[in-house]
Amino acid sequence: MVLAAAGAGLVLGDAWLWVAVDWSPPAYAEFYTRGGFGTPTTVALLVAALVKAALLWLILRAPAPGPLDRRARALRRLLYLAVAHTLVLWYPIALLSDGVNAAFQLALWTAIDVLYLLVIRWRSRMLRAAAGAMFAVELAGMANELLDELDLPDLGSGGIVELGLMLSGVAATIITVVGQRRDGRWSRGTQAAGWLSVSVYALVIPLNALFGEISSGNLAMPVMMDAVGLISAVWIAATARELPTEDRLADPPPARRRVIRVAVAAVTVLPIIALIHPEQAAHLTYTGRSMGCYDRPSFGDLKPAERDAAFLCRARSTDGAVPPMFPDSLSDQAILAYGRALCRTKDRDEQEAILTRAGSARPAWGTDPWDLVYVCPEIVGATHPELLRSTTETEAANAAYIAEENAKCRDPWPRTKGVAQATAKYFLFVDGDPGYLVHDPGDEAADEAAGQAMDKVYDDSTLIGVAGSAVLIGHVEDISDLCLTVKAFRTAPPQRTAGWEQVNEVPIVSRSGRLTVPEMGGGEVGAGAPMPDLAIAGKGRYRLRVYVRVGDAGEEHLVVVFPGASRKRIKLKP
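Below is a summary of the structure that appears in this document. If you're wondering where the values come from, they're calculated on a predicted model, not measured in any experiment.

### A word on a nonpolar patch on the surface
A cluster of nonpolar side chains, contributed by L147, L150 and L152, occupies part of the molecular surface with about 240 Å² of accessible area. Checked against the element boundaries, L150 lands in the loop between α7 (125–149) and α8 (159–183). By relative accessible area, L150 is classed as partly exposed at 45%.

### A short note on the sheet that holds strand β6 (residues 502–510)
Overall, mixed pairing links the seven strands, which are arranged β7-β1-β5-β9-β8-β6-β10 in an open sheet. Whereas interior strands pair on both sides, the edge strands pair on one side only; in this sheet they are β7 (526–527) and β10 (570–573). Pairing of strand β5 (residues 481–488) with strand β9 (residues 554–563) involves six bridges; the strand directions are parallel. Opposite A488, over in β9, you have V561 as the bridge partner.

### Points about the nonpolar core
Looking at soluble globular proteins, one finds that nonpolar side chains tend to be buried together. I59, L75, L79, W109, I112, Y116 and F135 are the most contacted members of the largest nonpolar core, which totals 46 residues. Taken together, the elements giving at least two residues each to this core come down to α4 (39–59), α5 (70–94), α6 (98–119), α7, α8, α9 (188–208), α10 (220–228) and α11 (230–241). Once residues within four sequence positions are removed from consideration, Y116 is found in contact with L75, L79, W122, F135, T176 and T239.

### Notes on the side chain of T239
Mapped onto the elements of the fold, T239 is located in helix α11. Within the local environment of T239, its side chain forms a polar contact with the side chain of Q180, the two groups lying 2.9 Å apart. Apart from the residues lying within four places of it in its own chain, the contact partners of T239 are L79, Y116, Q180, W186 and T190.

### Description of the state of the cysteines
Simply put, the disulfide is a covalent bond whose two ends are the sulfur atoms of two cysteines. Counting across every chain of the model gives two disulfides. With its sulfur 1.7 Å from that of its partner, C343 forms a disulfide with C376. Handedness of the C343-C376 disulfide follows from its S-S torsion of about -75°: it is left-handed. Here the residue C343 occupies a position in helix α14 (residues 332–343), and C376 occupies one in the loop between α16 (369–372) and α17 (377–383), the gap between them amounting to 33 residues. The exposure class assigned to C343 is buried, which follows from its relative accessible area of 9%. Owing to a relative accessible area of 2%, C376 belongs among the buried residues under this scheme.

### Brief notes about the pairing of strand β3 (residues 464–467)
Alternating residues of β3 divide into I464 and V466 and G465 and A467, and every residue in both groups is buried. In this sheet, strand β4 (residues 470–474) lies alongside β3 in antiparallel orientation, the contact comprising four bridges. Directly across from V466, in β4, lies its bridge partner V471. What sits between β3 and β4 in their antiparallel hairpin is a turn of two residues, with G468 showing a positive phi close to 65°.

### Things to note about the sheet that holds β4
The antiparallel open sheet is built from three strands, whose spatial order is β2-β4-β3. Two strands bound the open sheet, and with one partner strand each, they are β2 (435–439) and β3. The sheet shows a mean angle of 15° between the axes of neighbouring strands, direction not considered. Against the sheet, helix α19 (residues 446–456) touches β2, β3 and β4, its axis set at about 145° to β3.

Definitions and cut-offs
- What you see as residue numbers is a count from 1 along each chain, following the sequence as written.
- The predicted nature of this model means local features are confined to residues of pLDDT at least 70 and side-chain atom pairs, given and counted, to a pLDDT of 80 or more, with totals for whole chains, interfaces and linings taken over all residues.
- To obtain the side-chain values, all non-hydrogen atoms of the structure were used and water was disregarded.
- Nonpolar side chains (Val, Leu, Ile, Met, Phe, Trp, Tyr) within 5 Å and like charges within 9 Å form the patches, drawn only from residues with over 30% relative accessible area and no salt bridge.
- Values of accessible area rely on a 1.4 Å probe in the Shrake-Rupley scheme; residue burial ignores everything except the protein chains shown.
- Any Lys or Arg side-chain nitrogen located within 4 Å of an Asp or Glu carboxyl oxygen qualifies as a salt bridge.
- Here a helix means four or more residues in a row that DSSP labels H or I, a strand means two or more in a row labelled E, and each is numbered from the N terminus.
- Buried, partly exposed and exposed residues are distinguished by accessible area as a fraction of the type maximum, computed with a 1.4 Å probe on protein chains only: under 20%, between the cut-offs, and over 50%, respectively.
- Here the rule is simple: two strands pair whenever DSSP picks up at least two bridges between them.
- Definition used in this section: a nonpolar core is a set of buried Ala, Val, Leu, Ile, Met, Phe, Trp, Tyr and Cys residues joined via side-chain atoms within 4.5 Å.
- The contact criterion used is simple: two residues touch if any of their non-hydrogen atoms lie within 4.5 Å.
- Side-chain atoms alone can form a polar contact between residues adjacent in sequence; in general such a contact is a pair of N or O atoms within 3.5 Å, and within protein one must be able to donate a hydrogen while the other accepts it.
- The disulfide definition used here is simple: a pair of cysteine sulfur atoms within 2.5 Å.
- Between the N-to-C directions of two axes lies an angle of 0 to 180 degrees, each axis being a line fitted to C-alpha atoms and, for a helix, fitted only over the stretch in contact.

Right under this line is the structure:
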């Protein structure tokens, strides 16, 4: 029936062929392909039809006759329900929420595992206890998935947790097959199906490396894996079918055993052979959508064997909706060769020529040293040694640089101590940064006030924008950083305008009881040292006096804050 449906689908079109072989709606294939199936996918569907027809014949064989006790009868029914779910029930259940499907699977396999412990003659307390432990871990994985679907606290989705839960399913299958062998009721064919289902599990991880090919319309490998995945259903159905037999069924004749061995070897080995590409084919270890490519490690954090992979990730990246450096049609080997050629170029024109030859969608952009460092560190490191650092080394170098810059700044009023004060280098954006804020970060409208202050900074020659709880102070020179000292006093200090080019006084309000200057933190903008709370009197109105001068050491600012109810702007020294 499967073969006839596949033949009809081949005549009627891709959608019918997909439904006949994969037993799922055409929309599932349309999600991954556009413009119809390619030849590899069509061939894979026809081969999968043959495989599924053979496996379906094994699944639908009549149960062996014989009496069953209450527990064995319940186990048989649940095993056939699991087979039915694999074949047909998965789709109507999938129309419901993912939580319903997870709950169904957990309830079904909890009952099956408990009955396995009671029905199988393990002939060893240790083996039965080991089986119970493996079943418990397997069910814990299913329960974790249910908790995740219900948005409840779970074990997390880390790689170690997921790998452990996957291996627990493999271990549960292995120990069940061992129990069947010790029991003596199940035939060698059933046990072989159990071992084959373990082999299918083992193939899942390496075949996932090819999942990136699906995006290009090649569904051949997923189609074949779907067909081979029915081996697990064959084993479950055979386990249910042979429950009544008291002794192991007679072994097949030698000729038939040889055929079975060849079939087992073919099912195990052929998918592995399919992973091997010819040398000239595009070997895609990492695409722009590979999970391992979302991290951007520093060169110094990587082992030598990991650096090529980091470059491949960047070369195929589409972050920010920009076209990749190289097309997916190029193999890993070709991209690495082009990358090393780019390292040896002398200017952008040579880079553009190489990228054009490689079929890049952005040849005029060239390449940057922080991308090329992964494939030619000896060349890039000669001119950009900072790119060879690890994250720890980079953080240490940045901290040393900031400390050095802070040391260049001096307190302009060393003898006048404020209740709270600090002196540091304030780092600005190189291009287009109007200045720095003195603001109330606890104000509910802090962002709105900061925006309004920025809009007003150029309205007056003082370059000071005032907006309630935020004051934006502009810089005089075209600079990327300046020396900043802040001091808070309980009363207004002397004006002391001598030696300063500009002195202005403006109002500011603290609605939460805080006033401060943004610090660098983990970014590139802000004060290079911790800034104190300048609202020493708590909530209320304050006066903010700004001193500015430019000398040999660069631009220097002194910000004085003290309580004051006046809302006037005063130019003490224009």
